[in-house]
Amino acid sequence: LGLPDGKYAAHVSVVDMAGNSSSAGWTPDFTVDSSVPTTTVNSATVVGDTLSFDGSVSDTNLNYYYCYLTTNQTIVVDGHTFTRGQEVRLSNNADSSRNAACTTKWAGGQTAFNGTLGGFNITNVPDGNYTINLVAHDKLGNHNAANPTKYEVVLDRTDPVVELVAPLTVTA
């Protein structure tokens, strides 16, 4: 249509070759929206066995968002092998289900979400480099699924080793 994003109504009328005209009146309002929803991931934290992340999702016509975790190395979780760039699927069904802590969030009329957007159960996930991927869809079919917002995170739950090399000697 060449119209900028916004709400519109159109008046429809036609004239044939003989000069006869007819008018259908005004159409119901319609929306032109070519914008992909805005998504950001600001930070990630690990508490216990959960990797959660904070960020934002917004769009005037927001429909839903979801997240997923990809690995940046080959790992084995619960007997399933995941290779670099592959989505790490957990919840006792590594072949078919998204991590239960980061399921699809339907907007339900909201146009924005801010704060903790989701998380992942990382109970059996080995330490290493991972990517949080955030995808949002609006009601008109615009989305960033082909180019999700990415946030790199390093899981390192190994305590540092403290070694006393020699006792400290104090002289007076």
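Note that this is a predicted model, so its numbers are computed, not measured.

### Focus on the packing of aromatic side chains
As enumerated under the stated definition, the model contains 6 aromatic pairs in all. For the pair Y64 and W106, a centre-to-centre distance of 4.7 Å together with 50 degrees between the ring planes defines the contact as tilted. Residue Y64 is located in strand β7 (residues 62-71), and its partner W106 is located in strand β10 (residues 105-106); the two are separated by 42 residues in the primary sequence. By relative accessible area, which is 19% here, Y64 ends up buried. Here a set of aromatic residues connected by ring pairs shows up, and it is made of Y64, Y66, Y68 and W106.

### A few points about the sheet that holds strand β6 (residues 50-58)
Overall, antiparallel pairing links the 3 strands, which are arranged β5-β6-β11 in an open sheet. Only two strands of the sheet have a single partner each, and these edge strands are β5 (38-47) and β11 (112-121). Across the sheet, the axes of successive neighbouring strands diverge by a mean angle of 20 degrees, strand direction being ignored. Of the strand pairs in this sheet, β5 and β6 are connected by 9 bridges, and their pairing is antiparallel. Residue pairing in the sheet places T45 in a bridge with S52 of β6.

### Some points on the sheet that holds strand β13 (residues 149-155)
Read from one edge of the open sheet, 4 strands run β10-β7-β12-β13, paired in antiparallel fashion. The sheet is open, and its two edges are formed by β10 and β13, each paired on a single side. The pairing of β7 with strand β12 (residues 128-138) spans 9 bridges and is antiparallel. Each residue of the ladder has a partner; that of L69, found in β12, is I132.

### Section: the pairing of strand β3 (residues 21-26)
By the bridge criterion, 5 bridges tie strand β2 (residues 11-15) to β3 in an arrangement that is antiparallel. Residue pairing in the sheet places H11 in a bridge with W26 of β3. Here β2 folds back onto β3 in antiparallel fashion, the turn holding 5 residues, of which G19 has a positive phi close to 90 degrees.

### As for the confidence of the model for the protein chain
A low pLDDT means the predicted coordinates there should not be read in detail. On average, residues of the protein chain score 86 in pLDDT, and 91% of them are at 70 or above. Counting interchain partners and residues more than four positions distant, the pLDDT-below-50 stretch residues 92-97 has 9 contacts.

### Describing the side chain of T71
On the secondary structure map, T71 appears in strand β7. Overall, the relative accessible area of 0% leaves T71 in the buried class. Residues within four places of T71 in sequence aside, it is in contact with F82, T83, R84, G85, Q86, V88, N129 and Y130.

### Observations regarding the environment of I132
Within the secondary structure, I132 is located in strand β12. Residue class for I132 comes out buried when judged on its relative accessible area of 0%. Taking the C-alpha atoms as reference points, I132 and D16, separated by 116 residues in sequence, lie 58 Å from one another. Each residue touching I132, except ones within four places of it in the same chain, is listed here: A44, L51, F53, Y68, L69, F120, T149, K150, Y151 and V153.

### A word on the nonpolar core
Most often, soluble globular proteins have nonpolar side chains that are buried together. Counting 24 residues, the largest nonpolar core has L51, F53, F120, Y130 and L134 as its most contacted members. Among the secondary structure elements, those contributing two or more residues to this core are β6, β7, β8 (75-77), β11, β12 and β13. With residues near it in sequence (within four places) discarded, Y130 still touches L69, T70, T71, N72, Q73, I75, V88, V125, Y151, E152, V153 and L155.

Conventions we followed
Residue positions are given per chain, counting from 1 as you read along its sequence in written order. Given that the model is predicted, a residue must reach a pLDDT of at least 70 before its local features are reported, and side-chain atom pairs must reach 80 or more before they are shown or counted; all residues, however, enter totals for whole chains, interfaces and linings. Heavy atoms throughout the structure, all of them, feed into the side-chain values; hydrogens and water do not. Planes of paired rings set the category: under 30 degrees apart is stacked, over 60 is edge-to-face and the rest tilted, where pairs are Phe, Tyr or Trp rings (Trp by its six-membered ring) whose centres lie within 6.5 Å. The numbering of helices and of strands both runs from the N terminus, where a helix is a DSSP run of H or I of at least 4 residues and a strand a run of E of at least 2. Summary of the burial criterion: residues with accessible area below 20% of their type's maximum are buried, those above 50% are exposed, and those between are partly exposed, where the area comes from a 1.4 Å probe applied to protein chains only. Two strands pair under a simple rule: DSSP has to find at least two bridges between them. Inter-axis angles, ranging from 0 to 180 degrees, are taken between N-to-C directions of lines fitted to C-alpha atoms, where helices are fitted over the stretch in contact. What pLDDT reports is the predictor's confidence in each residue, on a scale of 0 through 100. Every residue pair with non-hydrogen atoms within 4.5 Å of one another is taken to be in contact. What is meant by a nonpolar core is a set of buried Ala, Val, Leu, Ile, Met, Phe, Trp, Tyr and Cys residues, joined one to another through side-chain atoms within 4.5 Å.

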